[in-house]
Amino acid sequence: MDKKTVERIFDPFFTTKGLGKGTGLGLASVYGTVKGHGGYIDVESKRSQGTTFNIYLPESKKEFMREKELPADVIKGKERVLLVDDEGIIIDVGQEILETLGYEVSLARSGKEAIAIYEKDKEKINLVILDMIMPDVSGGDVYDKIKEINPEVKVLLSSGYSINGQAAEILERGCNGFIQKPFNIKEISARIREILETK
């Protein structure tokens, strides 16, 4: 990358990809996560040669224990969930979490794909976990469209940003809940059950 690009890579919505091919939120999310853990991120880049990112995090004194079983307060389910996100890592991790919780999972990597899948399989899908910001069709527009298809649809809005602003507007239009990324297995299990068990 050239110097001007390097200076902007952590800015939200900055992307060098073509229209509709990137949101410019990937590195902004990484930066926010690293800062949130008291660390910092350094980048070195030479045009046409490559880029190196170094992430520095403070050492934790807490003893780490890997969970062998799901915590007792994690609630499982058997319903079908449509997971909608344009970020590959969120799709991969989200699918693994949902399947670990016992759910059947359908995946959509764009707003258009989400609408098409929901229109085709609306009778089988019990819940939609919907990313708010996507490059082709926004989460708000996807929500409105699937609500037209099925006014009773249950939707959990997902975003790396806070519940304020655009998320609040979608919730006011009837969206059933909000979860901030990155979410953990306990949080997502609770949110899903709250929505699915509400009549």
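The model shown is predicted, which means the values in this text are computed figures rather than measured ones.

Asker: Teacher, can you tell me more about the overall build of the chain here?
Answerer: Across its full length, the chain holds 7 helices and 7 strands. Listed by position from the N terminus, the elements making up the chain come as α-α-β-β-β-α-β-α-β-α-β-α-β-α. Counting only residues that meet the buried cut, the chain has 36% of its 199 residues in that class. Considering only contacts in the chain between residues 6 or more positions apart, those separated by 24 or more positions represent 57%.

Asker: Help me understand the sheet that holds strand S3 (residues 80-84) in this model?
Answerer: Two orientations exist for strands paired in a sheet by backbone hydrogen bonds: parallel and antiparallel. Taken in spatial order, the 5 strands of this open sheet run S4-S3-S5-S6-S7, and their pairing is parallel. Both edges of this open sheet fall to strand S4 (104-108) and strand S7 (177-180), since each of them pairs with a single strand only. Direction aside, the axes of adjacent strands within the sheet are offset by 20° on average. By the bridge criterion, 4 bridges tie strand S6 (residues 155-159) to S7 in an arrangement that is parallel. What sits directly across from Leu156, in S7, is Gly177.

Asker: Which parts of the structure should I look at to understand the side chain of Asp131?
Answerer: Following the sequence through the fold, Asp131 ends up in strand S5 (residues 127-131). In contact with Asp131, not counting residues within four places along its chain, are Val84, Asp85, Asp86, Gly139, Ser158 and Lys181.

Asker: Can you help me understand the pairing of S3 in this one?
Answerer: Regular strands place side chains that alternate from one sheet face to the opposite one. Counting buried positions along S3 gives 4 out of 5 residues, so the element sits mostly inside the fold. As paired elements, S3 and S4 share 5 bridges and run parallel to each other. When the bridges of S4 are listed, Leu83 appears paired with Leu107. Note on the crossover from S3 through helix H3 (residues 88-100) to S4: the handedness is right-handed. Strand direction decides the pairing type here: S3 and S5, joined by 4 bridges, are parallel. Paired with Leu82 across the bridge in S5 is Val128.

Asker: How do you make sense of the layout of surface pockets when you look at a structure like this?
Answerer: If you add up the space inside the largest pocket, you get close to 680 Å³. Lining of the largest pocket is provided by 24 residues; of these, Ser29, Ile89, Ile90, Lys181 and Pro182 occupy positions nearest its centre. Residue assignment for the lining of the largest pocket shows that the elements contributing at least two residues are helix H2 (26-36) and H3. For the lining of the largest pocket, the element with the most residues is H2, which contributes 6 residues. The class makeup of the residues in the lining of the largest pocket is 12 nonpolar, 7 polar and 5 charged.

The rules behind each value
- Residues numbered from 1 in each chain as written.
- Predicted model: local features only at pLDDT ≥ 70, side-chain atom pairs only at ≥ 80, totals over all residues.
- Heavy atoms only, no water.
- Helix = DSSP H or I, 4+ residues; strand = E, 2+ residues; numbered from the N terminus.
- Buried < 20%, exposed > 50% of the residue type's maximum accessible area, 1.4 Å probe, protein only.
- Contact = heavy atoms within 4.5 Å.
- Pairing = 2+ DSSP bridges.
- Axes fitted to C-alpha atoms, helices over the stretch in contact; angles between N-to-C directions.
- Right-handed = clockwise from strand over helix to strand, strands pointing away.
- 1 Å grid on protein atoms, 1.4 Å probe; cavity = no way out; pocket = protein on both sides within 12 Å on 5 of 7 lines; lining within 4 Å.
- Points joined across faces, edges and corners; volume = space filled by probe spheres on them.
- Nonpolar A, V, L, I, M, F, W, Y, C, P; charged D, E, K, R; others polar.

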